[in-house]
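So you can see what is in the structure, the chains are spelled out below.
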Amino acid sequence: MKPQDAKFAPLSPAALHIFLALSGGELHGYAIMQEVARQSEGRFKLGPGTLYDNLQRLIDKAMIEELGHRPGDDDPRRRYYRLSSLGRAVFSAEIARLEGVVREAKSRLRLAKPRTA
Amino acid sequence: MLRFLYLWLVRLHPRRFQKRFGDEMLSIFDEAQGRVGAAKLLGDGAVSLVRQWTLRPEFSEEPLAAAGARRVHDSTPTFCIVDDSLPCRRALMNGTALSLVVFSVICFAMIYDQNHVVLKPLFSVAFDFSASSLPEENSIQPRVVARRQFEDQSPPQPGSARKGPATQPVPAPKVPANAPGARPVAPKRGASGMNPAHTSKQESRERQLIVPPTNPLRHGPTGYAGTWIRVEIPRRVLRSYVGTYVADAQHGLKLSVRFESDVLRLEVPGEEIRTLLPVSETGFLVKDASDCRVEFSKNQDGTVQLDFYDNDRHLTARRQAGGS
């Protein structure tokens, strides 16, 4: 993990889910909301206010790029977003950090679990 | 209707946020299914509105364009002011909220003070109002000689006024009935028996007596003009008022005076128990009541009389034999 990527860690839960949703490709706002709900099995839902608040901050930090609307789309008001290279690097760093946390937690839980004869 | 409300919620967002994401938010609202979904989006919109104005002030304004000095061919220097001297919106909103809270607290305190009598204990000073006791020249201090007289049981000596700061508290002067200084309260009723004419030095030290220049108690039922000072009265004196009092004029109505937790309490049948706060040895104000007071006095036949004044009501009762 590069030092410049580490300064953005840890990501907030909303930002993490947005990164996860955009990691599969370009999406518009409503699609991001639906993808987040699907990936979390309904346990985490983003409202438009929270979504665009996070998008605003992530765009300003150059981790997400705004692509504008696509011609031929049903709704011309829709705008598409994608992860920038910095965003991908930060997302990868965050996943690596979380993997380390999960690994550490599992080893400790294994130690704390009483051995059965 | 819900869409109209959501539209206005979006329009109330900061201009920059509204320009960037307003259309998309409306697009999402249009795709929301059912009234429940739309209502949830309304709530989310309200939260977003508050968040954008309070927590994201850095995004509410467009970023300043790079200030470049205009090239002027005559080489006159030009300057661009980048810093905005106006306070940020968050500071203004926080200041408004804080001002409203402080204003509300002050208003509540003023209303509470109007509705409740707040008596503050102050230090006591004995004043000498007899014509023969003239102050020394150039003396602006209270006549502490009166206090000395009370302590030493000796008449005041000319020029014996002790010089000192006028604000020193006077510890427990005695008040003999024939003292040229402070007058005992309500002497015309023959209350000499109730005045602690000869008290021990220890009791006199414990006691603080303030004698006002005139006795407003004589001004009538509503005569409590001015500021009253609560005084400390010896328990022995307070206990001397305990007993059952009968108001003959009110068909034998019985009033009860008890001594509880170092204060006197008056019970009138059918009414709440009143706590009496002493303002003199025989005069008491009723706690948390405006224009309500009690005055004790001794009749010529030796019985103790209670006068209860409550606004326009006046009860006179005599203590039954056997009272302490």
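The text that follows walks through the structure, step by step, so that each part is easy to find. Keep in mind the model is a prediction, meaning the values are calculated, not measured. (Residues numbered from 1 in each chain as written. Chains lettered and ligands numbered in written order. Predicted model: local features only at pLDDT ≥ 70, side-chain atom pairs only at ≥ 80, totals over all residues. Heavy atoms only, no water.)

So, about the nonpolar core. With 37 residues, the main nonpolar core has A:I18, A:Y52, A:I64 and A:Y81 as its most contacted residues. Taken together, the elements giving at least two residues each to this core come down to α2 (13-22), α3 (29-39), α4 (48-60), β3 (80-83) and α5 (85-112) of chain A together with α1 (2-11), α2 (15-31) and α3 (34-54) of chain B. In contact with A:I64, not counting residues within four places along its chain, are A:I18, A:F19, A:L22, A:L55, A:L58, A:I59, A:Y81, A:R82, A:L83 and A:S84. In terms of nonpolar packing, the next biggest core, distinct from the first, is built from 24 residues, B:L264, B:L276, B:F296 and B:F308 among them. (Core = buried A, V, L, I, M, F, W, Y, C linked by side-chain atoms within 4.5 Å. Buried < 20%, exposed > 50% of the residue type's maximum accessible area, 1.4 Å probe, protein only. Helix = DSSP H or I, 4+ residues; strand = E, 2+ residues; numbered from the N terminus. Contact = heavy atoms within 4.5 Å.)

Before going further, it helps to spend a moment on the interface of chain A and chain B. Taken together, the contact pairs 19 residues of chain A with 21 residues of chain B. Together, A:Y52, A:Q56 and A:R77 form the three largest contributors to the area buried by chain A at its contact with chain B, with a combined 36%. In this structure, B:R20 engages A:D60 in a salt bridge whose closest nitrogen and oxygen atoms are separated by 3.6 Å. Where chain A touches chain B, the interface holds 10 residue pairs in polar contact (both at pLDDT 80 or more). For the side of chain A that touches chain B, the secondary-structure elements that each account for two or more residues are α3 and α4 of chain A. At 9 residues, the largest contribution of residues to the side of chain A that touches chain B is made by α4(A). (Buried area = accessible area lost by both parts, 1.4 Å probe. Salt bridge = Lys/Arg side-chain N within 4 Å of Asp/Glu carboxyl O. Polar contact = N/O pair within 3.5 Å; in protein donor to acceptor, adjacent residues only side chain to side chain.)

Residues and elements named next belong to chain B. Within the secondary structure, L315 sits in strand β8 (residues 313-319). Distance from L315 to V246, taken between C-alpha atoms, is 9.7 Å for residues 69 residues apart in sequence. Other than its neighbours up to four places away in sequence, L315 contacts Q250, L253, L255, L306, D307 and F308.

Attention now goes to the packing of α2(A) against α3(A). Residues and elements named next belong to chain A. Contact pair α2 / α3: the axes reach a minimum separation of 9 Å and the direction vectors enclose 100°. One element, α2, and the other, α3, form an angle in the roughly perpendicular class. In this structure, α2 uses H17, I18, L20, A21 and L22 to contact α3, whose residues at the interface are I32, E35, V36 and Q39. (Axes fitted to C-alpha atoms, helices over the stretch in contact; angles between N-to-C directions. Parallel < 35°, antiparallel > 145°, perpendicular 65-115°, else oblique.)

Residue and element names in this part refer to chain B. Spatially, the 8 strands close up into a barrel ordered β1-β2-β3-β4-β5-β6-β7-β8, and their pairing is antiparallel. For this sheet, the mean angle separating the axes of adjacent strands, direction not counted, is 30°. By the bridge criterion, 6 bridges tie strand β7 (residues 304-310) to β8 in an arrangement that is antiparallel. Bridging from a neighbouring strand, Y309 pairs with H314 of β8. (Pairing = 2+ DSSP bridges.)

To continue, consider a nonpolar patch on the surface. Residue and element names in this part refer to chain B. On the surface, M1, F4, L5, W8 and L12 cluster together to form a nonpolar patch covering roughly 570 Å² of accessible area. With respect to the helices and strands, W8 occurs in helix α1. Residue W8 is classed as partly exposed on the basis of its relative accessible area of 42%. (Patch = residues over 30% accessible without salt bridge, like charges linked within 9 Å, V, L, I, M, F, W, Y side chains within 5 Å. Areas by Shrake-Rupley, 256 points an atom, 1.4 Å probe, with all protein chains shown as cover.)

Moving on to unusual backbone geometry. Working note: non-glycine residues mostly have negative phi, and peptide bonds are mostly trans. Residues and elements named next belong to chain A. One non-glycine residue with positive phi stands out, namely E41, at about 55°. Despite not being glycine, A62 shows a phi value in the positive range, around 65°. By the secondary structure assignment, A62 is in the loop between α4 and β2 (64-68). Residue class for A62 comes out partly exposed when judged on its relative accessible area of 43%.

Bear in mind that shape data such as this cannot, by itself, settle questions of function.
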